[in-house]
Amino acid sequence: MSNVVVMDFTATWCGPCQMQKPILEELEGAMGDKVEFKMVDVDQNNALAGKYGISAVPTLIIEKDGVEVKRFTGVTSADVLRSELNQLV
């Protein structure tokens, strides 16, 4: 599919994560043909969260061709994410 991936490191108990979810759903609806979106529950995927050094949620990691190019911690607006993604696709 795409070589641009957005990984959303999240948790069900995290209030800000619940605020981030509809933003990512909106972007996926608009850019899902060019960007792959993955949700990673840190409680269910400790190893992956550890691999990426996740210490706070929500954390969004954007990868291009398997390499991390951008990281956001905390709720990130659709405008900021769209701007970053448009530069990569």
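See the structure printed just above.
Here we summarise the structure given alongside this text. (Residues numbered from 1 in each chain as written. Predicted model: local features only at pLDDT ≥ 70, side-chain atom pairs only at ≥ 80, totals over all residues. Heavy atoms only, no water.)

### Digging into the overall build of the protein chain
Consideration 1: Across its full length, the protein chain carries three helices and four strands.
Consideration 2: When its helices and strands are written in sequence order, the protein chain yields β-α-β-α-β-β-α.
Consideration 3: Its C-alpha radius of gyration of 12 Å places the protein chain within 12% of the 12 Å reference for a compact globule of 89 residues.
Consideration 4: Buried positions account for 43% of the 89 residues belonging to the protein chain.
Consideration 5: Relative to all contacts within the protein chain whose residues are 6 or more apart in sequence, the contacts with residues 24 or more apart total 67%.
Consideration 6: Accessible surface for the protein chain amounts to roughly 4,900 Å². Of this, 50% is attributable to carbon and sulfur atoms.
Consideration 7: For the protein chain, the distance from the average site of its 8 positive side-chain charges to the average site of its 13 negative ones is 4 Å. (Helix = DSSP H or I, 4+ residues; strand = E, 2+ residues; numbered from the N terminus. Rg over C-alpha atoms; globule rule 2.2 N^0.38 Å. Buried < 20%, exposed > 50% of the residue type's maximum accessible area, 1.4 Å probe, protein only. Contact = heavy atoms within 4.5 Å. Areas by Shrake-Rupley, 256 points an atom, 1.4 Å probe, with all protein chains shown as cover. Lys, Arg positive; Asp, Glu negative; His and termini not counted. Charge placed at Lys NZ, Arg CZ, Asp CG, Glu CD.)

### A look at the sheet that holds strand S3 (residues 59-64)
Consideration 1: Taken in spatial order, the four strands line up as S2-S1-S3-S4 in an open sheet, and their pairing is mixed. The sheet is open, and its two edges are formed by strand S2 (36-41) and strand S4 (67-73), each paired on a single side. Across the sheet, the axes of successive neighbouring strands diverge by a mean angle of 20°, strand direction being ignored.
Consideration 2: Pairing geometry for strand S1 (residues 4-10) and S3, over six bridges, is antiparallel. Along S3, the bridge assignment pairs valine 5 with glutamate 63. (Pairing = 2+ DSSP bridges. Axes fitted to C-alpha atoms, helices over the stretch in contact; angles between N-to-C directions.)

### Focus on the packing of helix H1 (residues 15-31) against helix H3 (residues 78-88)
Consideration 1: For the pair H1 and H3, interaxial distance at closest approach is 10 Å and the crossing angle is 40°. Every pair of crossing elements has a handedness; the one defined by H1 and H3 is right-handed. Across the interface between the two elements, Gln20, Ile23, Leu24, Glu26, Leu27 and Met31 from H1 touch Ala78, Leu81, Arg82, Leu85 and Asn86 from H3.
Consideration 2: The class makeup of the residues in the contact of H1 with H3 is seven nonpolar, two polar and two charged. (Left-handed = near helix turned anticlockwise from the far one by under 90°. Nonpolar A, V, L, I, M, F, W, Y, C, P; charged D, E, K, R; others polar.)

### Quick look at the nonpolar core
One broad trend across soluble globular proteins is that nonpolar side chains are buried collectively.
Consideration 1: Within the largest apolar cluster, 15 residues are counted, with the highest numbers of intra-cluster contacts made by Val6, Val35, Phe37, Ile62, Leu81 and Leu85.
Consideration 2: Elements with a contribution of two residues or more to this core: S1, H1, S3 and H3.
Consideration 3: Residues in contact with isoleucine 62, not counting those within four places in the same chain, are Val4, Val5, Val6, Val67, Glu68, Val69, Lys70, Phe72, Glu84, Leu85 and Leu88.
Consideration 4: Within the second largest apolar cluster, 13 residues are counted, among which are Phe9, Ala11, Ala49 and Val57. (Core = buried A, V, L, I, M, F, W, Y, C linked by side-chain atoms within 4.5 Å.)

### Regarding the side chain of aspartate 41
Consideration 1: Note that aspartate 41 resides in strand S2.
Consideration 2: At a separation of 2.8 Å, a polar atom in the side chain of aspartate 41 contacts the main-chain amide nitrogen of aspartate 43. (Polar contact = N/O pair within 3.5 Å; in protein donor to acceptor, adjacent residues only side chain to side chain.)

### Focus on the state of the cysteines
Consideration 1: Tallied over the full model, the rule gives one disulfide.
Consideration 2: The disulfide partner of cysteine 14 is cysteine 17, and the S-S distance across this bridge is 2.4 Å. For the disulfide bridge between cysteine 14 and cysteine 17, the dihedral angle about the S-S bond is near 80°, and by the sign convention the bridge is right-handed.
Consideration 3: Since its relative accessible area comes to 4%, cysteine 14 is described here as buried. (Disulfide = S-S within 2.5 Å.)

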